[in-house]
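# Commentary on secondary and tertiary structure
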Amino acid sequence: MSHSQVYFDNASTTAVDRRVVAAMLPYFTTTFGNAASRAHSFGWAAADAVDNARQQIAALIGADSREIVFTSGATESNNLALKGVVAANSSRGNHLVISATEHQSVTDTARALETAGVSVTTVGVDSQGRLDLDQLVASITDATVLVSVMVANNEVGTVNDLAAIGTICRDRHVLLHTDATQAAGKIPLSVADVDLMSLSAHKIYGPKGVGALYVKREPRVSLTAQMDGGGHERGMRSGTLNVPAIVGFGVAAQIAADELKADAIRVNLLRDQLIEGIRAIAPDSFVNGHAHHRLPGIASVTFPGQDAGRMVGALNDHGIAVSTGSACSSSTLEPSRTLLALGLSEADAKSTLRFSLGRFNTAAEVELVLNVIGELTASRQCAAGRADGEALW
Ligand code: PMP
């Protein structure tokens, strides 16, 4: 199998920006102290670096640095948000609302809570992947303590109307959590409309295994810790902080904030180039998600009649990395929940590829990918007349 040379799977993870790596390095060897060591300068230097990163991350989302709780990634942040809020607010109610297109780290957490006796309502989306606001309003009851709706979807890139969702929740005195893993650093974000927000470093050119949960202070959100121990992170998440990773996360957030607009414009142009090219090659293909309310880099494209798994394999053989859906679910043979929620048939869902472009992609790479898709399409047409009728990709 050839090594992939073109990486169009940035929604799965991103390469760490070299500026981020450079910033992290001293924190492995020279400034290696424990940020919780209060007795000496090694600890103070590490604590200063963590404080600085906390401010950089808070600035990306318009928060106060005291509202940032470091975690091991968005999966943990989502677990902490849902389980922590439900546990801390049990006297107020026992009902959780999520959307139909949430990441597995939200849906499976909700399932776990359901097993433990919490009632869960799943709200649908429209054919472009945006939350159905009427259904949301109808789903909220006196027992609802938390609504969890992602900013932007990881498979189709559709961006929800967070301001409208925030108003609905605020008016009904229900807390709102949002999974901003895919949206942070890609589109402007503010915590004004939400009470909790999950973030992850490795989607914004930072290291893997570090993330954050924003927890609002005014009015204060009560949250029960899910990790017992030394009381780090103001008691919300015990465990020695991963200082180099946190420093990297901070610098990645700072670069994302500084370069957000330029990156978005460039990545969006590449995506347009890719989609126009695919349309010319495969006129029966169609793009999923919202035409305007979407992330700059994600293109979910359905090639009717094709087997997406085979297409991914054929593209990989040509050195091109794409995915069928989210990395977490692409190992299963089940059609994507998200695509089904948008109303795609099972067959079309299984014929869908996700191209996700990022900071380090180029127009030349898009041309290369289009050439390979063109070749594969041509060989498929040749193959159409074969006795077994099997497509080549
Ligand atoms: N939420 C969304 C929307 C994601 O795309 C991902 C990563 N695939 C996660 C949560 C999980 O993030 P992490 O890998 O940091 O646990």
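Above this text is the structure in question.
About the cut-offs
Residues numbered from 1 in each chain as written. Predicted model: local features only at pLDDT ≥ 70, side-chain atom pairs only at ≥ 80, totals over all residues. Heavy atoms only, no water. 1 Å grid on protein atoms, 1.4 Å probe; cavity = no way out; pocket = protein on both sides within 12 Å on 5 of 7 lines; lining within 4 Å. Points joined across faces, edges and corners; volume = space filled by probe spheres on them. Nonpolar A, V, L, I, M, F, W, Y, C, P; charged D, E, K, R; others polar. Axes fitted to C-alpha atoms, helices over the stretch in contact; angles between N-to-C directions. Helix = DSSP H or I, 4+ residues; strand = E, 2+ residues; numbered from the N terminus. Left-handed = near helix turned anticlockwise from the far one by under 90°. Contact = heavy atoms within 4.5 Å. Expected span 1.5 Å × (residues − 1). Buried < 20%, exposed > 50% of the residue type's maximum accessible area, 1.4 Å probe, protein only. Near = heavy atom within 4 Å. Polar contact = N/O pair within 3.5 Å; in protein donor to acceptor, adjacent residues only side chain to side chain. Areas by Shrake-Rupley, 256 points an atom, 1.4 Å probe, with all protein chains shown as cover.

Turning to empty space enclosed by the protein, a few remarks are in order. To find leftover empty space, a probe the size of one water molecule is rolled over the atoms. Tallying each qualifying case throughout the model produces three cavities of 30 Å³ or more. Roughly 200 Å³ of volume is contained in the largest cavity. Taken together, 20 residues make up the lining of the largest cavity; nearest its centre are Lys186, Tyr205, Val267, Gly297 and Leu357. Residues that form the lining of the largest cavity fall into these classes: nine nonpolar, seven polar and four charged.

Below, the discussion takes up the packing of helix α3 (residues 41–61) against helix α8 (residues 243–281). α8 packs onto α3 with a crossing angle of 30 degrees between their chain directions and a minimal axis gap of 8 Å. Crossing of α3 against α8: the hand is left-handed. Within the contact between the two elements, α3 uses Ala46, Ala49, Val50, Ala53, Gln56, Ile57 and Leu60 and α8 uses Val243, Ile246, Val247, Phe249, Gly250, Val251, Ala253, Gln254, Ala256 and Ala257.

The next point concerns helix α5 (residues 104–115). Taking 1.5 Å per residue as the helical rise, α5 with its twelve residues ought to reach 16 Å, and the 16 Å between its terminal C-alpha atoms agrees with that figure. Along α5, the residues that are buried comprise Ser105, Val106, Thr107, Thr109, Ala110 and Leu113. Those residues of α5 that are buried lie in contact with α4 (74–88), β3 (95–99), β4 (119–123), β5 (144–148), β6 (175–179) and α10 (337–341). Positioned one or two residues after α5, Gly117 has a phi angle of 105 degrees, which is positive.

The subject of this paragraph is the site of the ligand. Neighbouring residues of the ligand: 15 residues in total, closest Thr75, Asp179, Gln182, Ser200 and Lys203. Ala74 places a main-chain nitrogen or oxygen 2.9 Å from an oxygen atom of the ligand. Thr181 places a side-chain nitrogen or oxygen 3.4 Å from a nitrogen atom of the ligand. In the complex, 88% of the free accessible area of the ligand, which totals 390 Å², lies under the protein chains.

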